[in-house]
Amino acid sequence: MRQSRAALFAAHRSVGLDQSPAPRRIVAFRAARGHDEHHLRRAQRVRRIAVGQLFPSGLVVTEYRDRQLQLLHQGRHADQRSQAQPRHRRRQQRHCAPRPPALADLRHVRERKSLFGKFEYDNHSNFRAHLTGGWFQHLNDEDRRAQWLQNTTTNSSPVTVGGLAGSAASGQSQTDYAKFDQNRQLRYFEAGAEYQPWDRGLIDVTFNKAGGSYRQDSKLHTFATGNSTALGYDYMLVPGAVPVFTPRNGSALYDTSRYNLTENTSQVEQSTTQQQTFKVNLSHNLEDGARGWGFKAGFQVRDLTKNYNFDELRFNPVAGRPITLAQVGASGAVVVPYDSAGRPLLLVDPSLAQAYFNANLGRYTLSPDQVARSTSQDFDVSERISAAYGMTAYQLENFTATAGARIEHANTRVDTWMPTPLNQSTTYGQTSQSSSRTDVLPSVNLSWDIQPDLRLRTGLGRSLARPIYSDLGQNSSSVAGNIITTTQANPDLQPRKSRNLDASLEWHPSLDSMVSVALFDKNISNEIARLTSTNNLTIGGASYTQNVTQASNVGTAKVNGLELGATDVHFDFLPAPFNAFGAAANFTLMDQKPASVRMSNGTSRAMPQMQDSPTRMANLSLLWGRGAWSGQVAYNHTGKTLTSLSTTNAALDIYYAAINTVDMQVRYQYSKALSFALQAKNLNGAKLRRVTGPGQSLLNQEIDNGKSYWFGMTYAL
């Protein structure tokens, strides 16, 4: 299910008063809607238990395999990184100027495995304990072959533009092969106990240790031509669609003797995260049905370390001895993308390229910039967050009030690598930056049952969202054609803080139905945005465009929103067999007043919207359940989303276009312990599109992921 206003903080690590009740039951209902027992009473209970407890006790084993053929179409060039790897490794160029698309053939093999176990002890008196462990793995094997064409000498050979049509007198072509093997793993262990020392008193202790890892092994073979009038081209822009490009000399485009090897590269990218959390709580008179005063107090310590390491071994041809694709041998495969006007791709055969390398080692030399590329991106983050919190509550039969505060102290250290001295790129030294801060996060929540079936909830509080670790510590730079993409870390980033006001009204006409309306207001300080500046450079007589991106605190922002929800798990008012159906729907509308940013020319402009936060979202689900069978068809809408903000020209902002998807799930409960599930994703074949230009009328990138299916089995002891 797609999230609603929680997307405001999706890219950050949110922290709030975790001991206070959820202010609105609609949030809890969404969390439970994906489960098989579509019953509102169960959904209401979900909001009061930990995420780990949502799993059944016992052993869960799930396997997933998926094969897809993807065609990637991009209005600039093909980025030399996997489309499946983490976001900070997929930097897109920030140009509106049209260039021929990269036509790419992508093939994926995906495999997902998981193992989960939970053991519980209960003396049915005053003591309970549990041990929980889990292991999850996601393997991805991707092969990608692409060909692209562009004009790299715009100073001496400018693009001629006339309306939606244009031409370039000269051009350069590249064909490349990229293989990415990815391994993501998550492991965690938790031990917890609850002890009731007196009537209505409770002490609970929890220790959690979790670790995550990511590794990608990449192999790249790239061949490129020089800039030539034989590779000139004409183009026609199609607003909202892929531009149509026509080479003027097709034989030159497919002449393998024109393509010289530029790299034979092996890369290893690794990221690990380790986290330990210890928490102790003491509460009194807060159980369901309690009346009068109650309280809860506790403390929590969380230690986290994150390490990112990137290593590259890059070979280039020896100076003066070019290696052509004609010498190595091109692939005999014929791939014709649907938007290439019938032209096949000129492809690299990876086995021939590697065989030539092995047989001609003397014709290759190590790239002089591999030290810089292998070191500048590395970073380490260590963080300890200590928190103490307290809450008091007063409960009547139809009214509950809670008030409390969380005091949080954070110590953070960021280690990065910088050239020493700065005017060279072969010797690097580690630099460290430490910071600490203390925040007080108060919260007040009220709940009033106006009628047995009508409840009003209100909440007022403060929360904070910490920057993602890559924004704090990771530097990177890559070159593709005449585009240099640079990312700069910002260890001085401050968490953004928010004052939150919520109010919701919930009507429960029956036990398994609910209609709700909610209003929310957020005042955000230290808002975070990733800003991109564009510079034109001349290096060795060639023209380059450098896009530099850095996350920054950009001031204050305000968000007001409306959230509507309606659910009827079973249409009991209908005769059989229609009473086995149900439906759920929600809609979120946000009015955003984002921060203003300073442009490179010294002026200021308001952000068009908050980054990574669409202003409209909607979900509609058709539910069905009879006996051991249950199913769901879900429609999801996510509005246009700003992903990159330019400080050079507003027309260079990049958005994700609005997208609509349809998913389906069918589950069969064979026995109390064993169940089977079949899921289908993106049944309508929606394509993820990045758009840019005036009014976002130009296509920046389109990824056709197609449909995917997976089958899972769950067994609980």
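Residues numbered from 1 in each chain as written. Predicted model: local features only at pLDDT ≥ 70, side-chain atom pairs only at ≥ 80, totals over all residues. Heavy atoms only, no water.

Draft legend 1. Structural context of the overall build of the chain. Summing up its helical and strand segments, the chain has 7 helices and 36 strands in all. Burial analysis of the chain (717 residues in total) assigns 51% to the buried set. Within the chain, contacts between residues separated by at least 24 positions form 74% of all contacts whose residues are at least 6 apart in sequence. Working note: accessible area of the chain is about 31,200 Å², and carbon and sulfur atoms make up 58% of it. (Helix = DSSP H or I, 4+ residues; strand = E, 2+ residues; numbered from the N terminus. Buried < 20%, exposed > 50% of the residue type's maximum accessible area, 1.4 Å probe, protein only. Contact = heavy atoms within 4.5 Å. Areas by Shrake-Rupley, 256 points an atom, 1.4 Å probe, with all protein chains shown as cover.)

Draft legend 2. Spotlight on the pattern of salt bridges. Applying the stated rule across the entire model yields 27 salt bridges. Residues Arg314 and Glu263 are paired through a salt bridge, measuring 3.4 Å at the closest nitrogen-oxygen approach. With Arg314 in strand β12 (residues 292-317) and Glu263 in strand β11 (residues 260-284), this residue pair connects regions lying 51 residues apart in the sequence. For the pair shown, Arg314 and Glu263 are each scored as buried. One salt bridge in this structure joins Arg437 and Asp439, with 2.8 Å as the shortest N-O distance. Taking relative accessible area as the criterion, Arg437 reaches 21% and is therefore assigned partly exposed. (Salt bridge = Lys/Arg side-chain N within 4 Å of Asp/Glu carboxyl O.)

Draft legend 3. Just the nonpolar core, in detail. Grouped together as the largest cluster of nonpolar side chains are 25 residues, with contacts concentrated most on Phe223, Tyr233, Tyr259, Ile323, Val328 and Tyr364. Mapped by element, the contributors of at least two residues to this core are β9 (233-236), α3 (250-253), α4 (325-328) and α5 (350-359). Examining the composition of this core, we find that 3 residues originate from one element, α5, more than from any other. The residues touching Ile323, leaving out its near neighbours within four places in the chain, are Phe223, Tyr259, Asn260, Leu261, Pro317, Val328, Tyr356, Arg363 and Tyr364. Listed in part, the 13 residues of the second largest apolar core include Ala529, Leu531, Ala595 and Tyr655. (Core = buried A, V, L, I, M, F, W, Y, C linked by side-chain atoms within 4.5 Å.)

Draft legend 4. Spotlight on the environment of Asn475. Looking at the element boundaries, Asn475 is found in the loop between α7 (469-473) and β18 (476-480). Between the C-alpha atom of Asn475 and that of Ala489, which follows or precedes it by 14 residues, the distance is 5.3 Å. The residues contacting Asn475, other than those within four sequence positions of it, are Ser376, Gln377, Thr416, Thr487, Gln488 and Ala489.

Draft legend 5. Up close: the packing of aromatic side chains. Enumeration over the complete set of coordinates arrives at 12 aromatic pairs. Aromatic pair Tyr121 and Phe127: ring centres 6.2 Å apart, planes at 55°, arrangement tilted. A network of ring pairs unites the aromatic residues Phe116, Phe136 and Tyr188 as a single cluster. (Phe/Tyr/Trp six-rings, centres within 6.5 Å; stacked < 30°, edge-to-face > 60°.)

Draft legend 6. Highlighting the confidence of the model for the chain. When pLDDT is averaged along the chain, the result is 81, and 81% of the positions lie at 70 or above. In the predicted structure, residues 1-101 sits below a pLDDT of 50 and forms 379 contacts with residues beyond four places in sequence or in another chain. (pLDDT = per-residue confidence, 0-100.)

Draft legend 7. Expanded view of the side chain of Ser513. Position of Ser513 relative to the elements: it lies in strand β21 (residues 513-525). Ser513 sits in the buried class, given a relative accessible area of 6%. Looking at Ser513, its side chain comes within polar contact range of the side chain of Ser510, at 2.6 Å. (Polar contact = N/O pair within 3.5 Å; in protein donor to acceptor, adjacent residues only side chain to side chain.)

Draft legend 8. Spotlight on unusual backbone geometry. Cis rather than trans, the peptide bond between Ala576 and Pro577 has omega equal to 0°. Topologically, Pro577 is positioned in the loop between β24 (557-568) and β25 (581-593). The backbone phi angle of Asp612 is positive, close to 60°, even though this residue is not glycine. A relative accessible area of 14% places Asp612 in the buried class. Phi at Gln696 is positive, roughly 55°, even though this residue is not glycine. When you line up the elements, Gln696 lands in the loop between β34 (688-692) and β35 (698-704).

Draft legend 9. View of the pairing of β11. Judged from the 24 bridges that link them, strand β8 (residues 201-224) and β11 form a sheet pairing that is antiparallel. Residue Gln216 lies in a different strand from β11, and its bridge partner there is Glu269. Alignment of β11 against β12, held across 21 bridges, turns out to be antiparallel. Residue pairing across strands places Phe278 opposite Val301, the latter belonging to β12. (Pairing = 2+ DSSP bridges.)

Draft legend 10. Spatial organisation of α5. Turning to α5, its buried residues are Ala353, Tyr356 and Phe357. For α5, the buried positions fall inside an angular range of 100° around the axis, keeping them on one side. Buried residues in α5 make contact with β8, β11, β12, α4 and β13 (364-366). (Arc of directions from axis to C-beta.)

Draft legend 11. Structural context of the pairing of β35. Of all 7 residues in β35, 7 are buried; the element is thus mostly enclosed. Here β34 runs beside β35; their pairing, made up of 5 bridges, is antiparallel. The partner of Leu688 across the bridge, within β35, is Ile703.

Draft legend 12. Seen up close, the side chain of Arg530. Among the secondary structure elements, Arg530 is positioned in strand β22 (residues 528-539). At 2.7 Å, the side chain of Arg530 forms a polar contact with the side chain of Asp612.

Draft legend 13. Focus on the environment of Glu269. Mapped onto the secondary structure, Glu269 falls in strand β11. In this structure Glu269 comes out as buried when scored by relative accessible area, which is 2%. Along the primary structure Glu269 and Arg215 are separated by 54 residues, whereas in three dimensions their C-alpha atoms are 5.5 Å apart. For Glu269, the side chain forms a polar contact with the side chain of Tyr308, separated by 2.7 Å.

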